[in-house]
Amino acid sequence: MTVNVLFSADAKHFADWVDSLNAALEEARVKSEIDFACDDPAKYDYVVYSPDGGLRDFSGFVNLKAVLSLWAGVETLASNSTIGCPICRMVDPGMIEGMTEWVVGQVLRHHLDFDRFLDAKPGEWLQHLGPPLARDRTVAVLGLGQLGSDCARALNSLNFRVLGWSRTVKNIRGIDCRSGNDGLESAVSEADILVLLLPHTNDTENICNASLFAKCRRGVVLINSGRGALVDEGDLVAAIDNGTVSHATLDVFRQEPLPAQHPFWTHPKISVWPHIASETRFRTASQVIAENMRRGGAGEPFLHVVDRQRGY
Ligand code: NAP
Ligand code: GLV
């Protein structure tokens, strides 16, 4: 049987994906036809979905077996009431690898105080500012899912003391895992560097607010590669101004692209990154999508199904 697929994404992605997706589907023995523009919504078995494709109303897609997200974060899909079939989020080994590299890079930037040395004036010999060892630095990773747990392990392998926080308690070798409000407060109170890798849900919206910043160690560095809505922007600026947060490295924002006039661009203690911490890598991700279509055909449970109640 031929599976009909709508690949709903910005056209700039098509060239990258088409060959690798077709190859992965062939390898998984899934016979498919992929459309890059919507023909008759009722004909599709799957929508492979990226938010930049612009599709919002799924009500005509009455025969869908699943929506397969190209993104790990699915806040807009999870709350989309026009979707009546399972939603699978992206768990891509390539994306995990990329996120770990980005987070480790950002942690090392702050741990080693690269900016201070790069900004040194001629003759400013800052030998007294040599960094401590990683073992003397505590990093808290909020969100210990696919991405956060890999980052936590990598940081721990560099000898950082790593605390992790998640909804359910984890058991990850070398990581001091916590949960609940007490776990959150104790983790942030011990952290020199705070990494956000939580999804955006009703429970995590504005989780980094004045009351959480008040529990943080003075001078904490914030690295947010989760979602912009995790952070209350006004409370962050206030926490920087009062010295609680020494620097915020932000890859994600409430509005993206971040408007040119947004004050974060010029704030001396905020670094703006254009949501590039880690993208889905088409080679590895194609296999995940093909495997889910194979499962759909074989009547096996899909991988990475979103719990829409929880929102991730
Ligand atoms: P995931 O596997 O679903 O992990 C989410 C983690 O957050 C889990 O550990 C979960 O706890 C925890 N969590 C969720 N709600 C919580 C709550 N209310 N309290 C405490 N912990 C909570 O997701 P992922 O694949 O690691 O991705 C995480 C997020 O990264 C995505 O949702 C997306 O927003 C973001 N992202 C950003 C980029 C980028 O380039 N910047 C790229 C990809 C993804 P449990 O394990 O107990 O459920
Ligand atoms: C990117 O931010 C993603 O959620 O995949």
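Cut-offs used in this document
- Residues numbered from 1 in each chain as written.
- Chains lettered and ligands numbered in written order.
- Predicted model: local features only at pLDDT ≥ 70, side-chain atom pairs only at ≥ 80, totals over all residues.
- Heavy atoms only, no water.
- Near = heavy atom within 4 Å.
- Polar contact = N/O pair within 3.5 Å; in protein donor to acceptor, adjacent residues only side chain to side chain.
- Areas by Shrake-Rupley, 256 points an atom, 1.4 Å probe, with all protein chains shown as cover.
- Nonpolar A, V, L, I, M, F, W, Y, C, P; charged D, E, K, R; others polar.
- Helix = DSSP H or I, 4+ residues; strand = E, 2+ residues; numbered from the N terminus.
- Domains from an automatic or database assignment.
- Buried < 20%, exposed > 50% of the residue type's maximum accessible area, 1.4 Å probe, protein only.
- Contact = heavy atoms within 4.5 Å.
- Arc of directions from axis to C-beta.

**Student:** I'd like to hear about the site of ligand 2, residue by residue, with values.
**Tutor:** What surrounds ligand 2 is the set W71, A72, G73, M95, R227 and H275. Taking R227, its side chain carries an N or O atom lying 2.7 Å from an oxygen atom of ligand 2. Take H275: an N or O atom from its side chain is 2.6 Å from an oxygen atom of ligand 2. In isolation ligand 2 offers 190 Å² of accessible surface; the protein chains occlude 88% of this area. Grouping the constituent residues of the shell around ligand 2 by class yields 3 nonpolar, 2 polar and 1 charged.

**Student:** Which residues make up the site of ligand 1, and what values go with them?
**Tutor:** The local shell around ligand 1 holds 29 residues, among which R89, T168, K170, D251 and Y312 are the closest. Between ligand 1 and T168 there is a distance of 2.5 Å, counted from an oxygen atom to a side-chain nitrogen or oxygen. Note that a nitrogen atom of ligand 1 is positioned 3.1 Å from one of the backbone N or O atoms of S225. Here ligand 1 loses 92% of its free accessible area of 940 Å² to cover by the protein chains. Among the elements of the structure, helix 3 (93-111), helix 5 (146-157) and strand 7 (161-166) are those that each provide at least two residues to the shell around ligand 1. The residue inventory of the shell around ligand 1, partitioned by class, reads 12 nonpolar, 11 polar and 6 charged. Two domains each donate at least three residues to the shell around ligand 1, and these are domain 1 (3-92 + 280-298) and domain 2 (93-272).

**Student:** Describe in detail the environment of V5, supporting the description with residues and values.
**Tutor:** Its location among the elements puts V5 in strand 1 (residues 3-8). Taking the relative accessible area as the measure of exposure, V5 reaches 0% and is therefore buried. As a C-alpha pair, V5 and D203 span 198 residues in sequence and 33 Å in three-dimensional space. When residues no more than four places from it in sequence are discounted, the contact partners of V5 are S32, E33, I34, D35, Y44, Y46, V48 and M293.

**Student:** For helix 6 (residues 180-190), give the residues involved together with the corresponding values.
**Tutor:** Inspection of helix 6 places G183, L184, A187 and V188 among the buried residues, and these make up the whole buried set. With its buried residues spanning 120° around the axis, helix 6 presents them on a single face. More than 90 degrees from the buried face of helix 6, the exposed residues found are N181 and D182. Looking at the buried residues of helix 6, the elements they touch are strand 6 (138-142), strand 7, strand 8 (176-179), strand 9 (193-196) and helix 7 (210-213).

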